[in-house]
Amino acid sequence: MLEFDLPKEWDYNYFKYCLFCYGYLCVIDSPKFGVIPQHCTLGGYNVFYRPAWTIVANPLMTAGNGNGKYNIGVNTELIALQPDYSGILDICMLHADRLALIHEALIMNLQNSKLAYLFLTDNKNAAELFKTVIDEIQGGKIAVAAGGRLAHPKTGELRYQFINNNIKNNFIALELLDAMRVEFSNFDSKLGIPNVSYEKKERINTAEANMSKFESETLLDTIFETISLGVEKVNAMFGLSITVKKRYDTGV
């Protein structure tokens, strides 16, 4: 949902990975590589209990003060994703775990929704014949011939029974697919991706649609404002012209 205009020499994927996964990155002026973004750890605190310095541990780069320490506001600035310096992996993992459980239940339900038969025999040859007959039937043969060993010697009835003959009542795959769509919809709403709530299938009015937009914009606005503040400080310190903007105008 965000679009960045970064210096050409910066690795765009590295920048996004550090920012969205770790929750922050610092920008430093390296003697060897110039002004670049780097993953770092935070340390210390200022009068407002915000981080006072960063530690950059990159074996290909000369340390800022001899030990990788850079002072925020002096020779480095931070670009954070959120005010608490957290990323969004927790949101991704939460929904991924739920989707994995739904997917697991879906596969199990599909497997359990197959017709199942139990064949009763004390004869190994008859058991193999049962398997052969089923394989040929499942393979699409119109008619299959089998010997009398498949029938009960006294009654003449085929020696089999259904294990699962109530498939329709046990089939919940469609409900599970709906649950997956709801999970994706909720994920989109959290991260500010425009979507129509899948749970509300009937027609929604304008007021409800606007409320949905406000809900999906809440976290995105916080992220956008926090990143913009960091970008502003980085541009001022290093003379860059980094920009960040919302990729889509959602009308909120």
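In this report, we go over the structure that sits alongside the text.

A few words now on the pairing of strand E3 (residues 34–38). Each regular strand displays side chains that alternate between the two surfaces of the sheet. Taken across its five residues, E3 has four buried, putting it largely inside the fold. Connecting the antiparallel pair strand E2 (residues 24–30) and E3 is a turn made up of three residues.

With that settled, the discussion passes to the sheet that holds E3. Taking strand neighbours across the sheet as the criterion, the three strands line up as E3-E2-E7 in an open arrangement whose pairing is antiparallel. Looking at strand neighbours, the two that pair on one side only are E3 and strand E7 (76–80), the edges of this open sheet. Between one strand axis and the next, the sheet turns by 25 degrees as a mean value, whatever way the strands run. Note that E2 and E3 share five bridges and pair antiparallel. Each residue of the ladder has a partner; that of Cys26, found in E3, is Gln38. Its contacts with the sheet place helix H1 (residues 12–22) against E2, E3 and E7, and it is angled at close to 140 degrees to E2.

With that settled, the discussion passes to helix H3 (residues 124–138). Its 15 residues place the ends of H3 21 Å apart at the C-alpha level, agreeing with the 21 Å of an ideal helix rising 1.5 Å per residue. Restricting attention to buried positions, one finds in H3 the residues Ala126, Leu129, Phe130 and Val133. What you see down the axis of H3 is that its buried residues fit within an arc of 105 degrees, all on one side. The outward face of H3, more than 90 degrees from its buried face, is lined by the exposed residues Lys124, Asp135 and Gln138. One or two steps after H3, the chain reaches Gly140, where phi turns positive at roughly 105 degrees.

The three strands lie next to each other as E4-E5-E6, forming an open sheet whose pairing is antiparallel. Only two strands of the sheet have a single neighbouring strand rather than two, namely strand E4 (41–43) and strand E6 (69–71). Pairwise comparison of adjacent strand axes, ignoring direction, gives a mean angle of 30 degrees for this sheet. Where strand E5 (residues 53–55) meets E6, three bridges bridge the pair, whose relative direction is antiparallel. Bridge pairing links Trp53 to Asn71 in E6.

Moving on, we come to a nonpolar patch on the surface. Taken together, the side chains of Ile107, Leu110, Phe171, Leu174 and Leu177 define a hydrophobic patch exposed on the protein surface, amounting to about 400 Å² of accessible area. When contributions to the nonpolar patch are tallied by element, the ones reaching two or more residues are helix H2 (89–112) and helix H5 (173–190). Summarising the element assignment, Leu177 is placed in helix H5. Given a relative accessible area of 30%, Leu177 falls into the partly exposed group.

The next subject is the packing of H2 against H5. Two elements in contact, H2 and H5, have axes separated by 9 Å at closest approach and are oriented at 170 degrees. Judged by the inter-axis angle, H2 sits roughly antiparallel to H5. For the pair H2 and H5, the contacting residues are Ile91, Cys92, Leu94, His95, Arg98, Leu99, Ile102, Ala105, Leu106, Asn109 and Leu110 in the first and Ala173, Leu176, Leu177, Ala179, Met180, Glu183, Phe184, Asn186, Phe187 and Lys190 in the second. A per-class count over the contact of H2 with H5 returns 15 nonpolar, three polar and three charged.

Another aspect to go through is the pattern of salt bridges. One pass over the full model with this rule turns up seven salt bridges. A salt bridge links Lys245 to Glu3, with the shortest nitrogen-to-oxygen separation between them at 3.8 Å. Remark: Glu3 occurs in strand E1 (residues 2–5) and Lys245 occurs in strand E10 (residues 243–246); sequence separation between them is 242 residues. When salt bridges that share partners are traced, they join Glu3, Lys245 and Arg247 into one network.

Buried within H1 are the following residues: Phe15, Cys18 and Leu19. For H1, the buried positions fall inside an angular range of 90 degrees around the axis, keeping them on one side. N-cap assignment for H1: the residue whose side-chain oxygen lies 3.1 Å from the backbone N of Asn13 is Asp11. Where H1 ends, the next residue or the one after it, Gly23, has phi of about 105 degrees, a positive value.

Criteria and thresholds
- Residues numbered from 1 in each chain as written.
- Predicted model: local features only at pLDDT ≥ 70, side-chain atom pairs only at ≥ 80, totals over all residues.
- Heavy atoms only, no water.
- Buried < 20%, exposed > 50% of the residue type's maximum accessible area, 1.4 Å probe, protein only.
- Helix = DSSP H or I, 4+ residues; strand = E, 2+ residues; numbered from the N terminus.
- Pairing = 2+ DSSP bridges.
- Axes fitted to C-alpha atoms, helices over the stretch in contact; angles between N-to-C directions.
- Contact = heavy atoms within 4.5 Å.
- Expected span 1.5 Å × (residues − 1).
- Arc of directions from axis to C-beta.
- Patch = residues over 30% accessible without salt bridge, like charges linked within 9 Å, V, L, I, M, F, W, Y side chains within 5 Å.
- Areas by Shrake-Rupley, 256 points an atom, 1.4 Å probe, with all protein chains shown as cover.
- Salt bridge = Lys/Arg side-chain N within 4 Å of Asp/Glu carboxyl O.
- Parallel < 35°, antiparallel > 145°, perpendicular 65-115°, else oblique.
- Nonpolar A, V, L, I, M, F, W, Y, C, P; charged D, E, K, R; others polar.
- Polar contact = N/O pair within 3.5 Å; in protein donor to acceptor, adjacent residues only side chain to side chain.

From the geometry alone we can't say anything about function, so treat these as descriptive.
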